[in-house]
Amino acid sequence: MKKHNFSAGPCILPQQVLEKASQAVLNFNNLSLSLIEISHRSKDFVAVMDKAQALVKELLQVPDGYSVLFLQGGASTQFLMTTMNLLKTSGKAAYINTGTWSTKAIKEAKRIGDIDVIASSEDKNFSYIPKDYTSSEDTDYLHFTSNNTIFGTQFHEFPKVSKDTMLVCDMSSDIFSRKIDVSKFDLIYAGAQKNMGPAGTTLVIIKDEILNKTGRDIPTMLDYSTHISKGSMFNTPPVFPIYVSMLTLEWLKNNGGVDNIEKLNNAKAQLLYSEIDRNPLFKGVAAVDDRSKMNVTFVLTDESKQEIFDKLWNDAGINGLKGHRSVGGYRASIYNALPIESVQVLVNIMQELENTL
Ligand SMILES: *Cc1c(COP(=O)(O)O)cnc(C)c1O
């Protein structure tokens, strides 16, 4: 029996995707060759890349005028790349700081230019999403993190920007979990390993017209234009993570797409949060209005129950429930591929803890 995998990242993937991926490693498309030992320029792999890009466009209804890229270096490299490609040499960018990942994005951006942190929830250990902020008219772009994987908060409404300000978002941990209007964004990036595939590739969705306006000399590999002009094949792409991401997106499409997964994700989050709110032994960490539907952070109200609770969930075959060291307590990551049955197992354990007292 597979474990109930609540890991925050790398995340759970659908079982059928893992099986197909294993098969492709041994013998891809009946070529009598492995997926990971053929040329990335072979027609078999080019078809994978094309399909992965097409599925992203279809599932998120990406409008014309946007490119879809599969890059390397993780979301962490995007912290730097976004700034290098979008911030004018004499310009200014605005950031909303809602956690560890935003903080890291700000740190990298500051190496490049003038950065204004217009809002932050650091005063309360990032347990909420700031609501009161404005970015000035002369801001080149506003950057935010849509879902805060570590602290368990999520933007349920996206920031609004003026016509001349680009909107840039790190969607690593909630992309494909809910409907979004891509046309509102100029650039979206997401490390694959939270909700799309294995680690090793980063999805970037970028509005073509925003590029080449900074007046900066950008190193070849860090220039989005390089990757757009070569269809993410300027250098050898990470073939395996792209293939597995493609399979996961195909699985998503076959299961009703983003519309349907959003409903399932809402049901999973509702099931778990209602138990946290009902059960006197547990307490949520994030502000109720800003709770994440992907990463549910909670603590025990009575620390002396920790040992018995830990034993209960371990014995039930649950994996990855321990909270991040900067928050403590517990974090249940309930990404797309986690079935509601696994959430029910966790809820049962929480009730069992209450009943064993
Ligand atoms: C995990 C994570 C990152 C870092 O991703 P890497 O691919 O490891 O660089 C960045 N942002 C968010 C929101 C994340 O959850």
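Structure first, text after, so check above.
Notes on the structure follow. Here the structure is a predicted model, which means the values were calculated and not measured. (Residues numbered from 1 in each chain as written. Predicted model: local features only at pLDDT ≥ 70, side-chain atom pairs only at ≥ 80, totals over all residues. Heavy atoms only, no water.)

A separate point is the pattern of salt bridges. Counted according to the given criterion, the structure contains 19 salt bridges. Notably, a salt bridge pairs lysine 88 with aspartate 140, separated by 4.0 Å at the nearest N-O pair. Of the two residues, lysine 88 is situated in the loop between helix H3 (74–86) and strand S3 (92–97) and aspartate 140 in the loop between strand S4 (114–120) and strand S5 (141–145); the sequence distance between them amounts to 52 residues. On the basis of relative accessibility, which here comes to 40%, the residue lysine 88 falls in the partly exposed class. By relative accessible area, aspartate 140 is classed as buried at 10%. Between glutamate 108 and arginine 111 there is a salt bridge, with the nearest N and O atoms lying 2.9 Å from each other. With glutamate 108 and arginine 111 both in helix H4 (residues 100–112), this residue pair falls 3 residues apart, about one helical turn. Accessibility expressed as a relative area gives 54% for arginine 111, which makes it exposed. (Salt bridge = Lys/Arg side-chain N within 4 Å of Asp/Glu carboxyl O. Helix = DSSP H or I, 4+ residues; strand = E, 2+ residues; numbered from the N terminus. Buried < 20%, exposed > 50% of the residue type's maximum accessible area, 1.4 Å probe, protein only.)

To continue, consider the nonpolar core. Counting residues in each nonpolar core, the largest one holds 83 residues, and the members touching the most others are Leu60, Phe176, Ile205, Leu272 and Phe309. Here this core takes 9 residues from helix H6 (residues 239–254), the largest share from any one element. Mapping this core onto the domain boundaries places at least three of its residues in each of domain 1 (15–254) and domain 2 (257–354). One finds Tyr95, Ile106, Ile206 and Ile210 within the second-largest nonpolar core, a separate group that totals 23 residues. (Core = buried A, V, L, I, M, F, W, Y, C linked by side-chain atoms within 4.5 Å. Domains from an automatic or database assignment.)

Moving on, we come to the packing of H3 against H4. In the contact formed by H3 and H4, the axes pass within 8 Å of each other and the chain directions differ by 40°. Judged by the inter-axis angle, H3 sits oblique to H4. Here the hand of the crossing between H3 and H4 comes out right-handed. Across the interface between the two elements, Ser76, Phe79, Leu80, Thr83 and Met84 from H3 touch Trp101, Lys104, Ala105, Glu108, Ala109 and Ile112 from H4. (Axes fitted to C-alpha atoms, helices over the stretch in contact; angles between N-to-C directions. Parallel < 35°, antiparallel > 145°, perpendicular 65-115°, else oblique. Left-handed = near helix turned anticlockwise from the far one by under 90°. Contact = heavy atoms within 4.5 Å.)

Turning our attention to the site of the ligand. Near the ligand the following residues occur: Gly74, Ala75, Ser76, Phe79, Trp101, Thr145, Asn147, Thr149, Asp170, Ser172, Gln193 and Lys194. Residue tryptophan 101 places a side-chain N or O atom 3.5 Å away from an oxygen atom belonging to the ligand. Between the ligand and threonine 149, the relevant distance is 2.5 Å, taken from an oxygen atom to a side-chain nitrogen or oxygen of the residue. Coverage of the ligand by the protein chains reaches 88% of its 390 Å² of free accessible surface. (Near = heavy atom within 4 Å. Polar contact = N/O pair within 3.5 Å; in protein donor to acceptor, adjacent residues only side chain to side chain. Areas by Shrake-Rupley, 256 points an atom, 1.4 Å probe, with all protein chains shown as cover.)

This next bit is on the environment of leucine 59. Mapped onto the elements of the fold, leucine 59 is located in helix H2 (residues 43–60). Taking the relative accessible area as the measure of exposure, leucine 59 reaches 11% and is therefore buried. What leucine 59 contacts, discounting residues up to four positions off in sequence, is Phe176, Leu249, Leu252, Lys253, Gly257 and Val258.

No statement about biological role is implied by the geometric values presented.
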